[in-house]
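Each chain is listed here by its residues.
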Amino acid sequence: MSNKRAGAVFIMFLTCGVITQAFAQNRELRFNSNAEDIRNIGNLVEEFRLAIIRKDPYALTKLMLYPNVLFHSIDNQESVDNARKVNAQFDGIGPSALDGFVTLLATSKDKLEETFQDIEIRQDGDLGLVTFNYDFLINDKIHHSGLEHWQVRKIDGQWKILSVTWTKYSHS
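Residues numbered from 1 in each chain as written. Predicted model: local features only at pLDDT ≥ 70, side-chain atom pairs only at ≥ 80, totals over all residues. Heavy atoms only, no water.

Examining the overall build of the chain
Part 1: A tally of regular secondary structure across the chain gives five helices and six strands.
Part 2: Counting from the amino terminus, the chain carries its helices and strands in the arrangement α-α-α-β-α-α-β-β-β-β-β.
Part 3: Buried residues in the chain amount to 28% of all 172 residues.
Part 4: Taking as baseline every contact in the chain between residues at least 6 positions apart, the subset at least 24 positions apart corresponds to 55%.
Part 5: As displayed, the chain has an accessible area near 11500 Å², and 54% of this comes from carbon and sulfur atoms. (Helix = DSSP H or I, 4+ residues; strand = E, 2+ residues; numbered from the N terminus. Buried < 20%, exposed > 50% of the residue type's maximum accessible area, 1.4 Å probe, protein only. Contact = heavy atoms within 4.5 Å. Areas by Shrake-Rupley, 256 points an atom, 1.4 Å probe, with all protein chains shown as cover.)

Here's the deal with the side chain of Glu114
Part 1: Here Glu114 lies in strand S2 (residues 112-124).
Part 2: One buried charge, Glu114, has no salt-bridge partner; the nearest side chain with opposite charge is Arg49, at 9.3 Å.
Part 3: Among all residues touching Glu114, those that are not within four sequence positions of it are Phe48, Arg49, Ile52, Phe132, Tyr134, Asp135, Phe136 and Glu148. (Lys, Arg positive; Asp, Glu negative; His and termini not counted. Salt bridge = Lys/Arg side-chain N within 4 Å of Asp/Glu carboxyl O.)

Points about unusual backbone geometry
Part 1: Residue Lys55 is not a glycine yet carries a positive backbone phi of 55°.
Part 2: Along the chain, the position of Lys55 falls in the loop between helix H2 (35-53) and helix H3 (57-62).
Part 3: When its relative accessible area of 23% is taken as the criterion, Lys55 is described as partly exposed.
Part 4: Even without glycine at this site, Asp156 takes up a positive phi of about 55°.

Description of the environment of Thr103
Part 1: On the secondary structure map, Thr103 appears in helix H5 (residues 98-107).
Part 2: Sequence spacing of Thr103 and Asp56 is 47 residues, and the spatial spacing of their C-alpha atoms is 9.9 Å.

A look at the environment of Tyr169
Part 1: Within the secondary structure, Tyr169 sits in strand S6 (residues 169-170).
Part 2: The spatial distance from the C-alpha of Tyr169 to the C-alpha of Asp135 is 9.5 Å, given a sequence separation of 34 residues.
Part 3: Among all residues touching Tyr169, those that are not within four sequence positions of it are His143, His144, Ser145 and Gly146.

Printed below as a string of structure tokens:
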């Protein structure tokens, strides 16, 4: 390779590096958020937790934006494959599990609780994202745990849950 060509290649790589670095410097996520909304989203999380402890399905469903919100654990591939033996179009999520959960709250004789750790709330205008580690306890013993994500939306001045998805690792 000639010195001229090697110099041109060097300049091209140098230029690409400078351009990439310039773009990377301005790539941080930006949020139009405020402390009051962050606090109110945190209150929503606490209301959810208390509704479980109190076994109050009405209070829990009032926190949802609408009755059929996405409310489901994320199945592993083996579970998806098994479900597809019955339904070839199974999407790995299925219908909302909210009805089943509120039925559990209404009918269970066991002590139920969900604890949250490492709560992270991000909010931009009327949209929010809540992420945390959780433990679901039955009679004070961890039944399952994982990572939970909520999408929340502010409407009519109130924060409501738009979707809840979570991973689930059994402890039984």
